[in-house]
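Coordinate analysis (summary)
Here is how the chains run, residue by residue.
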Amino acid sequence: MELPGISGDSLQRDEIELPGRRDFLGRTLGVTVSLVGGTVAAGTFATPAAAKPAGAQATQNNWRFCQKCFAMFYWGYPTDGVCPSGGSHSAQGFNFVLPHDVSASSTAQNNWRFCQKCFAMYYWGYPTDGVCPSGGSHSAQGFNFVLPHS
């Protein structure tokens with residue numbers, strides 16, 4: 001499958017294993033895969049919660065691991081955002097499907113947001129929004145993601 005702005009060569013790079021990647025993903029987002037259990041949102045963004053069957057969780061797909069900066073970034077636009085390691089983020093590995101707009105709990109932390117400037121996910125629970133590689137602070141847009149943890 002060819003995506004706009006993504007060559008076939010860059011998709012093949014997703015199959016390359018870098019040392020420590022599995023450990024990183026397992027520690028930070030491994031629980032997410034089991035929580036969403038293969039739920040795939042239609043289109044770029046998940047359908048509104050009201051359009052989902054009763055009991056279905058709101059999710060968004062196309063969250064990827066950047067093999068350059070090791071951050072999660074949104075891979076659903078023609079460009080791949082701004083990587084702090086230089087240039088654009090570079091997708092590798094799994095396509096994560098993340099829950100959003102659900103209640104936080106003792107095993108799920110809310111306030112994880114998409115930065116509309118660099119396309120990375122950052123924690124939005126502090127008085128400031130951190131430093132964005134695009135300049136200035138991160139700028140939250142869209143869903144409030146809730147990341148499962150142990």
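Data block above holds the structure.
None of the values given here were measured: they were computed from a predicted structure.

**Focus: the side chain of Arg64**
Among the structural elements, Arg64 can be located in strand S1 (residues 59-66). Within polar-contact distance, the side chain of Arg64 engages the backbone oxygen of Gly93 at 3.0 Å. There is a polar contact of 3.0 Å between the side chain of Arg64 and the backbone oxygen of Phe94.

**Some words on the nonpolar core**
Within the largest apolar cluster, 10 residues are counted, these being Trp63, Met72, Tyr74, Phe96, Leu98, Phe114, Phe119, Met121, Phe145 and Leu147. Counting residues per element, the ones that place at least two in this core are strand S2 (72-74), strand S3 (91-99) and strand S6 (140-148). Setting aside residues up to four positions removed in sequence, Phe114 forms contacts with Trp63, Tyr74, Tyr77, Phe119, Ala120, Tyr122, Ser139, Ala140 and Gln141.

**A closer look at the sheet that holds strand S5 (residues 121-123)**
In any sheet, the strands associate via hydrogen bonds between backbone groups, in a parallel or an antiparallel arrangement. The 3 strands lie next to each other as S5-S4-S6, forming an open sheet whose pairing is antiparallel. Two strands in the sheet have a free side with no partner beyond their single neighbour: S5 and S6. Across the sheet, the mean angle separating the axes of adjacent strands is 40° when strand polarity is ignored. Taken together, the 5 bridges between strand S4 (residues 108-115) and S6 define a ladder with antiparallel strand orientation.

Scoring rules and cut-offs
Residues numbered from 1 in each chain as written. Predicted model: local features only at pLDDT ≥ 70, side-chain atom pairs only at ≥ 80, totals over all residues. Heavy atoms only, no water. Helix = DSSP H or I, 4+ residues; strand = E, 2+ residues; numbered from the N terminus. Polar contact = N/O pair within 3.5 Å; in protein donor to acceptor, adjacent residues only side chain to side chain. Core = buried A, V, L, I, M, F, W, Y, C linked by side-chain atoms within 4.5 Å. Buried < 20%, exposed > 50% of the residue type's maximum accessible area, 1.4 Å probe, protein only. Contact = heavy atoms within 4.5 Å. Pairing = 2+ DSSP bridges. Axes fitted to C-alpha atoms, helices over the stretch in contact; angles between N-to-C directions.

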